[in-house]
Amino acid sequence: MTHNPDDLIMLFNDLFRESFRTILVRGGDEPEYLPVDESDGLARVVFARGFFASALHEIAHWCIAGEYRRTLYDFGYWYCPDGRTPAQQKAFEQAEIKPQAMEWVFSVAAGSRFNISVDNLSGDGAADERAFRRQVRSQAERYLSQGLPDRAQLFFDSLAHFYGTQGRIHQTWKTERERIAPAGPELKQQGLH
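The next point concerns the sheet that holds strand 3 (residues 42–47). Judged by pairing direction, the sheet is mixed, and its three strands sit side by side in the order 1-3-2 without closing on themselves. Taken across any chain shown, the strands that pair with only one partner, and hence form the sheet edges, are strand 1 (22–26) and strand 2 (32–37). Neighbour-to-neighbour, the strand axes of this sheet turn through a mean angle of 25°, independent of strand direction. Two elements, strand 2 and strand 3, share four bridges in a ladder whose sense is antiparallel. Bridge pairing links Glu32 to Val46 in strand 3.

With that settled, the discussion passes to the packing of aromatic side chains. Following the criterion strictly, the structure yields 12 aromatic pairs and no others. The rings of Phe12, Phe16, Phe20, Trp62, Phe106 and Phe155 are connected pair by pair, giving a single aromatic cluster. Between Arg151 and the ring centre of Trp62, over which it is positioned, the NZ or CZ distance is 4.5 Å.

The biggest cluster of nonpolar side chains holds 45 residues, and the ones touching the most others in it are Leu8, Leu24, Trp104, Phe106, Phe155 and Leu159. Per element, the largest residue contribution to this core is nine residues, and it comes from helix 3 (residues 86–110). Each residue touching Phe155, except ones within four places of it in the same chain, is listed here: Leu8, Leu11, Phe12, Leu15, Phe16, Leu56, Ile59 and Phe106.

Below, the discussion takes up the packing of helix 2 (residues 52–64) against helix 3. Packing of helix 2 against helix 3 brings their axes to within 8 Å, and their N-to-C directions diverge by 125°. With respect to helix 3, the element helix 2 is oriented oblique. The two elements helix 2 and helix 3 cross, and the hand of that crossing is right-handed. From helix 2, Phe52, Ala53, Leu56, His57, Ile59, Ala60, His61, Cys63 and Ile64 reach across to helix 3, where they touch Glu96, Lys98, Pro99, Gln100, Met102, Glu103, Phe106, Ser107 and Ala110. The residue makeup of the contact of helix 2 with helix 3, split by class, is 11 nonpolar, four polar and three charged.

Scoring rules and cut-offs
- Residues numbered from 1 in each chain as written.
- Predicted model: local features only at pLDDT ≥ 70, side-chain atom pairs only at ≥ 80, totals over all residues.
- Heavy atoms only, no water.
- Pairing = 2+ DSSP bridges.
- Helix = DSSP H or I, 4+ residues; strand = E, 2+ residues; numbered from the N terminus.
- Axes fitted to C-alpha atoms, helices over the stretch in contact; angles between N-to-C directions.
- Phe/Tyr/Trp six-rings, centres within 6.5 Å; stacked < 30°, edge-to-face > 60°.
- Lys NZ or Arg CZ within 6 Å of the ring centre and 35° of its normal.
- Core = buried A, V, L, I, M, F, W, Y, C linked by side-chain atoms within 4.5 Å.
- Buried < 20%, exposed > 50% of the residue type's maximum accessible area, 1.4 Å probe, protein only.
- Contact = heavy atoms within 4.5 Å.
- Parallel < 35°, antiparallel > 145°, perpendicular 65-115°, else oblique.
- Left-handed = near helix turned anticlockwise from the far one by under 90°.
- Nonpolar A, V, L, I, M, F, W, Y, C, P; charged D, E, K, R; others polar.

Don't take any of this as a statement about function, it's just geometry.
Right under this line is the structure:
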């Protein structure tokens, strides 16, 4: 299956351009969120270098951001670049659980490959990669069983319809969750495998 980021731009913009005055656009090296520009009245979710996965990740951040956060540059969050200290990395991982879980669920709906990112290649790596993977997996499971926030659900449904994955999402999820974050004994005891 071909995964062209232009398809994500079309789907996102069709859903949210009018209702939320927000568009998805291809960017340069770094992703960013630009709140409403007075010249055209549109906010911009900018994803890095035309990467499909970057677009899904930035859309996840936008879907999580509340009304106030969507008025702030980059939703008002800090970003500490690659090379973080262990304490900074731990804070980064906590902030990334929901966006990465949502990106993962979007990837399943699109039939694309998802990879966990600790985004700290020139630092000490993950604070606790196994725990981070388990937390992202648990959050993704909650999204799939309890539903996504409204905007995320609209986008998820649009992806599943566009890519024709509606009938196989749960089977794909079973395969993907074991590839990304195999169930350890604690998840098996809780019945989350």
